Amino acid sequence: MAADQNQFDVVVIGAGPGGYVAAIRAAQLGGRVAIVEKQYIGGTCLNVGCIPSKALLHIAQLYAQFDELGKLGIMVEGRPRFDMATAVAFKDKVVKQLTGGVAQLLKANGVAIFMGAADVRSPTQVHVKLNDGGERDLTTRKLILANGSVPIRPPFPGLDGRNVIFSDDAMNMPKVPESLVCIGGGIIAVELACMFHALGTQVTIVEMLPSMIANEDEEVSKALTRSFTKRGIQVHTDARVESIADADGKKRVMATTPNGQQTYDAEYVLVAVGRKANPAGLEGLTSAGLAMDRGRVAANERLETNLPGVYAIGDLVGKTWLAHVAMVEGELAAENALGHEATMDYNVVPRPIFTFPEIASVGLSEAQARAKGGNIRADKFPWVANGKALASNETEGFTKVIVGDYGEILGAAIFGPDATNLITEFSLAMRGELTADEVIATIHPHPTYSEALREAVLAAEGRAVHIYQRPAAGARQ
Ligand code: FAD
Ligand code: NAD
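Residues numbered from 1 in each chain as written. Chains lettered and ligands numbered in written order. Predicted model: local features only at pLDDT ≥ 70, side-chain atom pairs only at ≥ 80, totals over all residues. Heavy atoms only, no water.

**Q** How do you make sense of the pattern of salt bridges when you look at a structure like this?
**A** Opposite charge on two side chains allows them to pair when their charged atoms are near. What the rule picks out here adds up to 25 salt bridges. Across the pair lysine 400 and aspartate 217 runs a salt bridge, and its minimum N-O distance is 3.0 Å. On the criterion of sequence distance, the pair formed by lysine 400 in strand S22 (residues 398-403) and aspartate 217 in the loop between strand S9 (202-206) and helix H7 (218-231) is long-range, its members being 183 residues apart. On the accessibility criterion, lysine 400 (1% relative accessible area) is buried. Using a relative accessible area of 6% as the deciding quantity, one classes aspartate 217 as buried. In this structure, glutamate 304 engages arginine 302 in a salt bridge whose closest nitrogen and oxygen atoms are separated by 2.9 Å. Note on glutamate 304: relative accessible area 23%, which makes it partly exposed. Relative accessible area serves as the criterion here: at 17%, arginine 302 is assigned to the buried category. Each member of the salt-bridge network shares a partner with another, and the members are Asp217, Glu219, Glu366, Arg370, Lys380 and Lys400. (Salt bridge = Lys/Arg side-chain N within 4 Å of Asp/Glu carboxyl O. Helix = DSSP H or I, 4+ residues; strand = E, 2+ residues; numbered from the N terminus. Buried < 20%, exposed > 50% of the residue type's maximum accessible area, 1.4 Å probe, protein only.)

**Q** What is the right way to look at the site of ligand 2 in this model?
**A** Around ligand 2, the structure places 24 residues, and the nearest of them are Glu191, Glu207, Gly274, Trp321 and Pro352. One of the backbone nitrogen or oxygen atoms of tryptophan 321 is found 2.9 Å away from an oxygen atom of ligand 2. Within the contact set of ligand 2, a nitrogen atom lies 2.8 Å away from a backbone nitrogen or oxygen of proline 352. Across the complex, the protein chains shield 81% of the 840 Å² of accessible surface that ligand 2 would expose by itself. Sorting the residues of the shell around ligand 2 by element identifies helix H6 (187-199), strand S11 (240-247) and strand S19 (351-353) as the ones contributing at least two each. A per-element tally of the shell around ligand 2 places H6 first, with 3 residues. Across the shell around ligand 2, the residue classes break down as 16 nonpolar, 4 polar and 4 charged. (Near = heavy atom within 4 Å. Polar contact = N/O pair within 3.5 Å; in protein donor to acceptor, adjacent residues only side chain to side chain. Areas by Shrake-Rupley, 256 points an atom, 1.4 Å probe, with all protein chains shown as cover. Nonpolar A, V, L, I, M, F, W, Y, C, P; charged D, E, K, R; others polar.)

**Q** Looking at this structure, I do not really get the sheet that holds strand S23 (residues 409-416). What am I missing?
**A** Within the open sheet, the 5 strands sit side by side as S19-S20-S23-S22-S21. Their pairing is antiparallel. One side of each edge strand has no neighbouring strand; the edge strands of this open sheet are S19 and strand S21 (377-382). The average angle at which neighbouring strand axes cross in this sheet is 10°, direction not considered. Pairing geometry for strand S20 (residues 358-363) and S23, over 6 bridges, is antiparallel. Bridging across to S23, glycine 363 finds its partner in glycine 411. (Pairing = 2+ DSSP bridges. Axes fitted to C-alpha atoms, helices over the stretch in contact; angles between N-to-C directions.)

**Q** Got a minute to help me understand the state of the cysteines in this structure?
**A** Any covalent bond linking the sulfur atoms of two cysteines counts as a disulfide. Under the defined criterion, the tally for this structure stands at 1 disulfide. In this model cysteine 182 remains outside any disulfide bridge; the closest cysteine sulfur is found in cysteine 194, 10 Å from its own. The class for cysteine 182 is buried, based on a relative accessible area of 0%. (Disulfide = S-S within 2.5 Å.)

**Q** Looking at this model, I keep getting lost on the site of ligand 1. Mind explaining?
**A** Neighbouring residues of ligand 1: 42 residues in total, closest Glu37, Thr44, Lys54, Ala118 and Ala323. Taking leucine 322, its main chain carries an N or O atom lying 3.4 Å from an oxygen atom of ligand 1. A distance of 2.9 Å separates an oxygen atom of ligand 1 from a polar atom in the backbone of alanine 323. Here ligand 1 loses 95% of its free accessible area of 1000 Å² to cover by the protein chains. Listed by contribution, the elements that provide at least two residues to the shell around ligand 1 are helix H1 (17-28), strand S2 (33-37), helix H2 (43-48), helix H3 (50-69), strand S3 (112-122) and helix H9 (323-337).

Next up, the structure:
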């Protein structure tokens, strides 16, 4: 191969949502671009994360909804039977279609794809050990690091035993577990707990903090706990897991709680205690002085590392651990690498959680807003007062809005139907610096879920129409 075929303007390491988007954007801007991926195009998100989990969650939710059909007049004889192998095959088909589509897009944009492990030797030199056995030395003007993350393996005994699974394994189960203990009550645990419970598993969540999804608004996290408990998912908080063992033919999870040692038994254990950046293959850069921050590659708001010409994005930087943030960081890093001036703004980052009902939030929680001071107004509008939600038999939860001194929207949280889509209205309002008055002045179609968002803003201002509110001191009428 001619030497110039190994020379690039931009080489991207990792083809997850951060890396593949960076490569496409760099190619759009006229760069000669290569991407190196050691395992799978689409990274964690498309292969073992966002997409497969949502395919399986969709199936689990449909399955669970069968119980409700009789009350809507749809009489089904007996219970449907769930077949895990068919569900996993559907999930695999979705993943194959999407990852195949991304590979096509990369090729159509003229991006050279090298399937193999990258060993970055300097800011301009990347050695690739190709998966098919060959080797390749690439030279580049600019480098975008998008190596992503891997699950944290907590430092307690029992992780390697039988029936101890991580989220990757949960996407390819041979059968529905009879029972499951989730270690951790974070985002992965609550999504997978919902999924397995809907499929018939007895689920127990063991979380060391006082609440599940502790970064979310307190009212949302409490509402999720209530919802889980009501449907039979056991939630134990303030319980720090310290070991996993085999006992009586099951797995036994041991935790320290304020009431002493507690044990939780189940057929399977899911370990979901967070993820950590994966700087594999970057040893050449770290010895050249690449600055790290608590195990992550340090990058500024232009996605620049401390090494000139080297950018870092996504979970490797670990600002949010979210695919949609990795994608935007990828676009901006590519633009900066090719001479543009682009800066990340992390103030308006939507946080979707795909439980049933869904959760989505953006901006500050009420507690965070109150801690900043000022005339904060916050209130909720319940789904039970929204016509479309009633008609759709989706009445659990609420929309909550937090409004600041000048009517600016400081944050919003939705627990309810289609929350992960609906949150974009508040993201756009916050990004465009719209006030509560401007959201209220926007006519929302009837009957829709979106009306509840406007009503929640009205509620924060003390003037909701479809629920009765006592006039509150401080509320603007
Ligand atoms: P990754 O997707 O991890 O991709 C990094 C890629 O780099 C990998 O393919 C890896 O093989 C490759 N790589 C690493 N080192 C090298 C090397 N030396 N040479 C070559 N290749 C290398 N986020 C959401 O926003 N929404 C969700 O619904 C959601 N659901 C999730 C569900 C689960 C179960 C999990 C685990 C995560 C979920 N996430 C979700 C998080 C999301 O997957 C990550 O934030 C996202 O994948 C990060 O993208 P990335 O490009 O930074 O890294
Ligand atoms: P997480 O940080 O959300 O939750 C981990 C939880 O484990 C925490 O609540 C922590 O207190 C708890 N924990 C840690 N050690 C423990 C112990 N010994 N005993 C009991 N509890 C313990 O991490 P995650 O759920 O693994 O998810 C990783 C990342 O993946 C998230 O940060 C998230 O951004 C991303 N993700 C996003 C989505 C989405 O956007 N819908 C879905 C899944 C994952």
